[in-house]
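Given next are the chains, with one letter for each unit.
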Amino acid sequence: MEETKGYLMLSTGDVLEGVWLGKTTESDGELVFNTAMTGYQEVMTDPSYAGQIVTMTYPLIGNYGFNTQDKESHSPSIHGLIISTPCETPSHYQATQTLQDIANTHNFPILAQVDTRKLTKIIRKHGDVYGKMTKTPGNIPAQAKVSEKIVERVSVKEAQYYPANESKTAHVAIIDYGYKHSIREMLLQNGCSVTVFPFDVKLESLQEADIDGVLLSNGPGDPKSLGYLADEIKRIAEHYPTLGICLGHQLLALAFGGNTMRLPYGHRGSNHPVQHVPSGKVSITSQNHGYVVDETSISESLWNILYNNVNDGSIEGLQHCSKPIMSVQFHPEAHPGPSDTYDVFEQFLNSVRNGGVTTYA
Ligand SMILES: NC(=O)CC[C@H](N)C(=O)O
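Residues numbered from 1 in each chain as written. Predicted model: local features only at pLDDT ≥ 70, side-chain atom pairs only at ≥ 80, totals over all residues.

The protein chain is annotated in an unreviewed UniProt entry as Carbamoyl phosphate synthase small chain from Terribacillus aidingensis. Turning to the protein chain, the UniProt annotation filed under Sequence similarities (unreviewed entry) states: "Belongs to the CarA family." Recorded in UniProt under Subunit (unreviewed entry), the annotation for the protein chain is "Composed of two chains; the small (or glutamine) chain promotes the hydrolysis of glutamine to ammonia, which is used by the large (or ammonia) chain to synthesize carbamoyl phosphate. Tetramer of heterodimers (alpha,beta)4." (UniProt positions renumbered as here; feature names shortened; annotations may be inferred.)

**A few points about the sheet that holds strand 1 (residues 5–10)**
In spatial order, the strands read 1-2-8-6-4-3-9; together these 7 strands close into a barrel with mixed pairing. Sheet twist, expressed as the mean angle between neighbouring strand axes with direction ignored, is 35°. In the sheet, strand 4 (residues 52–56) pairs with strand 6 (residues 80–82) via 3 bridges, with the strands oriented parallel. Paired with Ile-53 across the two strands is Gly-80, which belongs to strand 6. (Pairing = 2+ DSSP bridges. Helix = DSSP H or I, 4+ residues; strand = E, 2+ residues; numbered from the N terminus. Axes fitted to C-alpha atoms, helices over the stretch in contact; angles between N-to-C directions.)

**Concerning helix 9 (residues 343–353)**
All of the buried residues in helix 9 are Val-344, Phe-345, Phe-348, Leu-349, Ser-351 and Val-352. Considered in projection along helix 9, the buried side chains sweep an arc of 160° and stay on one side of the axis. One or two residues past the end of helix 9 sits Gly-355, with phi positive at roughly 65°. (Buried ≥ 20, exposed ≤ 12 C-beta atoms within 10 Å, placed from the backbone. Arc of directions from axis to C-beta.)

**Description of the sheet that holds strand 17 (residues 303–309)**
The strand order across the open sheet built from 10 strands is 10-12-11-13-14-19-18-17-15-16, with neighbouring strands paired in mixed fashion. Edge positions in the open sheet fall to strand 10 (160–162) and strand 16 (282–293), since each of these has one partner strand only. On average, adjacent strands in this sheet sit at an angle of 20° to one another, irrespective of strand direction. Against the sheet, helix 8 (residues 247–255) contacts strand 13 (213–216), strand 14 (242–245), strand 15 (260–276), strand 16, strand 18 (315–320) and strand 19 (325–328), and its axis sits at roughly 120° relative to strand 14. (Contact = placed C-beta atoms within 7 Å.)

**Quick word on the domain arrangement of the protein chain**
Examined at the domain level, the protein chain breaks down into domain 1 (5–134) and domain 2 (150–353). Centre-to-centre separation of domain 1 and domain 2, based on C-alpha positions: 26 Å. Contacts between domain 1 and domain 2 engage 21 residues on the former and 23 residues on the latter. Of all the secondary structure elements, the ones that give two or more residues to the side of domain 1 that touches domain 2 are strand 3 (26–34) and helix 3 (116–126). Sort the elements by how many residues they give to the side of domain 1 that touches domain 2 and strand 3 lands first, with 3 residues. Across the side of domain 1 that touches domain 2, the residue classes tally to 7 nonpolar, 9 polar and 5 charged. (Domains from an automatic or database assignment. Nonpolar A, V, L, I, M, F, W, Y, C, P; charged D, E, K, R; others polar.)

**Observations regarding the UniProt feature "active site" (unreviewed entry) in the protein chain**
Mapped onto the present numbering, the UniProt feature "active site" (unreviewed entry) falls on Cys-246, His-331 and Glu-333. Spanning 88 residues, the named residues nonetheless gather at one spot, since no C-alpha pair among them exceeds 11.2 Å. Examined against the element boundaries, Cys-246 turns out to sit in the loop between strand 14 and helix 8. Once residues lying within four places of it in the same chain are set aside, the contact partners of Cys-246 are Ser-48, Asn-218, Asn-288, His-289, Gln-329 and His-331. Dropping the residues within four chain positions of it, Glu-333 is found in contact with Lys-180, Ser-182, Ile-183 and Met-186.

See below:
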């Protein structure tokens with residue numbers, strides 16, 4: 001079959017050439033790179049990447065195919081995938097689809113045979129890079145931002161209830177800013193029933209649903225674009241044992257008067273070391289974020305810093321000084337990636353089951 005050429009036109013002026021896969025003819029978005037060696041299916045279906053074009057630095061993508069178990073959402077929200085070598089003949093007992101199938105059935109293009117090493121160096125150097133994927137090279141795209149309304153697009157429109165897998169021990173609310181299904185699975189496997197609520201849910205709706213604890217999910221975009229929800233998030237977190245993950249962590253910091261800022265080029269991969277400050281223990285974590293909580297904005301009378309990033313020292317976790325509120329910048333659900341920090345869920349669920357009596361250790 002004849003190969004179709006495709007191009008990635010960057011706001012930096014660079015143009016990279018590759019082979020086009022998929023029916024979509026054009027796409028654009030913010031360029032980010034992910035360094036995980038496996039987990040391309042989870043990355044492609046994680047709603048936190050909505051509006052972004054993702055390049056995988058690992059050179060062979062598609063080798064174990066795609067299955068029905070590891071999807072993090074019903075369909076991918078990425079705006080494009082840039083890879084080096086695509087594998088057309090996957091081998092895995094669970095595989096039901098190939099990379100080519102994914103390109104044909106979903107609404108985003110894949111550009112293969114690209115020099116992803118060069119692309120990653122461009123992103124590292126410039127940080128904020130916007131790109132257009134096209135079959136016909138044209139004008140260099142202007143720098144643009146991911147839409148402010150991106151969370152509204154990926155969040156559920158109404159509450160969805162999931163009964164516990166085993167005998168129910170607690171009812172947890174996930175506030176959905178673009179939640180990964182593996183977070184919900186983790187709660188269900190631990191005997192919780194789960195209700196997923198829209199991103200702008202009010203405290204009163206949680207009270208009506210008889211919730212025991214709240215998980216503020218991961219999600220796409222700049223946390224400050226949800227700044228208007230800060231007061232409601234504070235009311236909710238002051239009322240229930242609360243765990244924030246990634247965007248949820250950033251929103252908690254904003255809700256309690258902190259600030260967030262953009263990282264030079266983000267943390268995206270599955271081997272990011274974090275240090276648990278109270279014990280000194282280092283864990284390897286899965287991460288996917290472009291923003292962080294600004295350490296200088298954190299009030300010591302409100303928060304203890306629970307985790308730090310070993311590479312750049314940025315904040316990776318917070319624990320409220322007097323209330324059962326905890327948040328992590330990394331992904332304890334670990335899809336893809338190591339499950340070193342699974343205890344984050346255990347601590348949260350202990351607190352939920354004790355009615356918020358214990359604070360986090
Ligand atoms: N995975 C996430 O929740 C990402 C949070 C936020 N969108 C960021 O890029 O920092």
